[in-house]
Amino acid sequence: MPIKSNDAQDNGYHGVKTVVVPAAGMGTRFLPATKTVPKELLPVVDTPGIELIAEEAATLGATRLAIITAPKKQEVMRHFDEFPELVRTLRARGKEEQAVKVERAGKLIKPVSVPQEEPLGLGHAIGLAEDTLDDDEQFFAVMLPDDIVMPATVMGEMERVRRAVGGSVLCAFEVSREQTADYGVFDVEDTNAPGVKKVKGMVEKPDPADAPSNLVATGRYILDRKVFSALRRIKPGKGGEIQLTDAIELLIREGEPVHVVVHRGTRHDLGNPGGYIPACVDFGLRNEQYGPALYKDLKDIIARYEAEL
Ligand code: G1P
């Protein structure tokens, strides 16, 4: 498979314009914090997950962030507002750096709110975004804000694969067989491009004994527009929800190309404290302002902890 780099402008090719971000979940794994604060607004160091996603989408070249929101989670959209009084006050006090931080989210990308009245599943949420796309958008991206992938360049690689072979391109990473029960799992075959596999089938959260591989979907997708038709035609699946995995499986059965790029970097799950805390440590250590002190503090904390064991 000839996958060239840096030819995005060839033949009038346009990259991803819209990134769909499902953000209507109840955040049950993060209670009690999520009684009043949407999990997408919990900070990694000082920046909410939704702004990290907006930044990744903007870096990819996307111009529109279609945020699927629940009626009680409008604060997620508010994060992209302008806050002129706050900015004025900060500037009047000489706090330029903070003023820039307030303005940043709204300048990254154009957010569009897509309401989801009931939590009927990831597939249902994505299906709602169809009307947000322009008529000429043949494909779009989905980024799940629970998932942080590092380096974030994997979406660019996925876009290159879409350009070469069409269809849908997902991001895969390896887990242990037991962990397959928590993910959409791929049945794959090799291609002649390293790190790119053709998907022959996909199953949502299987019993590990039945998992077709230990390559699972992480929250980055480039989806052909045909997925909307597939989403309309599938029945509720795992957990009684409309599953994106089932729509992708249907596309494969209908002969549409689906590939994965195997992600070899890091992945954090911000959706629960067990994944969120390491993410904060990882980002914190790399932060210019807090990193050096955090490194020392962590060593002290670990030394004290080990002495107690
Ligand atoms: C969703 C998808 C699953 C995917 C996972 C990645 O599951 O349904 O296929 O592997 O995201 O994080 P969720 O974590 O929302 O249950």
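Residues numbered from 1 in each chain as written. Predicted model: local features only at pLDDT ≥ 70, side-chain atom pairs only at ≥ 80, totals over all residues. Heavy atoms only, no water.

Caption draft 1: Expanded view of the packing of aromatic side chains. Applying the stated criterion across every chain yields a total of 3 aromatic pairs. Ring geometry for F173 and Y183: centres 5.7 Å apart, planes at 85°, overall edge-to-face. Of this pair, F173 sits in strand β8 (residues 168–174) while Y183 sits in the loop between β8 and β9 (184–190), and the two are 10 residues apart along the sequence. For F173, a relative accessible area of 11% corresponds to the buried category. (Phe/Tyr/Trp six-rings, centres within 6.5 Å; stacked < 30°, edge-to-face > 60°. Helix = DSSP H or I, 4+ residues; strand = E, 2+ residues; numbered from the N terminus. Buried < 20%, exposed > 50% of the residue type's maximum accessible area, 1.4 Å probe, protein only.)

Caption draft 2: Quick peek at the pairing of strand β12 (residues 258–262). Judged by how many residues are buried, β12 sits mostly within the fold: 5 of 5 residues are covered. Burial of the side chains of β12 extends over both faces: V258, V260 and V262 are buried on one face and H259 and V261 on the other. In this sheet, β12 lies alongside strand β10 (residues 196–204) in antiparallel orientation, the contact comprising 3 bridges. Bridging across to β12, K197 finds its partner in V260. (Pairing = 2+ DSSP bridges.)

Caption draft 3: Looking closely at the site of the ligand. Inspection of the region around the ligand gives L122, L144, D147, Y183, G184, E204, K205, A217, Y221, Q243, T245 and R267 as its neighbouring residues. Here an oxygen atom of the ligand and a backbone polar atom of A217 are 2.7 Å apart. Within the side chain of T245, one N or O atom sits 3.4 Å away from an oxygen atom of the ligand. Burial of the ligand by the protein amounts to 77% of the accessible area it has alone, namely 380 Å². Partitioning the shell around the ligand into residue classes produces 5 nonpolar, 3 polar and 4 charged. (Near = heavy atom within 4 Å. Polar contact = N/O pair within 3.5 Å; in protein donor to acceptor, adjacent residues only side chain to side chain. Areas by Shrake-Rupley, 256 points an atom, 1.4 Å probe, with all protein chains shown as cover. Nonpolar A, V, L, I, M, F, W, Y, C, P; charged D, E, K, R; others polar.)

Caption draft 4: Quick look at the nonpolar core. Grouped together as the largest cluster of nonpolar side chains are 37 residues, with contacts concentrated most on F140, L170, F186, Y221, L223 and I248. Contacts of I248, omitting those with residues within four sequence positions, involve L170, M202, Y221, L223 and V258. Formed by 32 residues, the second largest nonpolar core is a distinct cluster that contains L41, I50, A54 and I109. (Core = buried A, V, L, I, M, F, W, Y, C linked by side-chain atoms within 4.5 Å. Contact = heavy atoms within 4.5 Å.)

Caption draft 5: Geometry of the pattern of salt bridges. Enumeration over the complete set of coordinates arrives at 27 salt bridges. We note a salt bridge from E51 to R104, for which the minimum N-O separation is 2.6 Å. Of this pair, E51 sits in helix α1 (residues 49–60) while R104 sits in helix α4 (residues 96–108), and the two are 53 residues apart along the sequence. Residue classification places R104 among the partly exposed positions, given a relative accessible area of 28%. Note that K296 is salt-bridged to D300, the shortest N-O span being 3.6 Å. Placement of the pair is K296 and D300 together in helix α10 (residues 291–308), with a separation of 4 residues, close to one helical turn. Look at K296 and you get exposed, because its relative accessible area is 53%. (Salt bridge = Lys/Arg side-chain N within 4 Å of Asp/Glu carboxyl O.)

Caption draft 6: Unusual backbone geometry, seen in detail. Put simply, L31 and P32 share a cis peptide bond, and its omega is 5°. Relative to the helices and strands, P32 is located in the loop between β1 (18–23) and β2 (43–44). The omega torsion of the bond from M150 to P151 falls at 0°, within 30 degrees of zero and hence cis. Structurally, P151 can be placed in the loop between β7 (147–150) and α6 (154–165).

Caption draft 7: Structural view of the pairing of strand β6 (residues 139–143). In terms of burial, β6 is largely enclosed, as 5 of its 5 residues are buried. The side-chain alternation of β6 yields two buried faces, one formed by F139, A141 and M143 and the other by F140 and V142. Relative to β6, β1 runs parallel, the two being bridged by 2 bridges. Residue pairing for β6: V19 is matched across the bridge by A141. Relative to strand β11 (residues 215–224), β6 is paired through 5 bridges, and the arrangement is antiparallel. Its bridge partner lying in β11, M143 is registered against R220.

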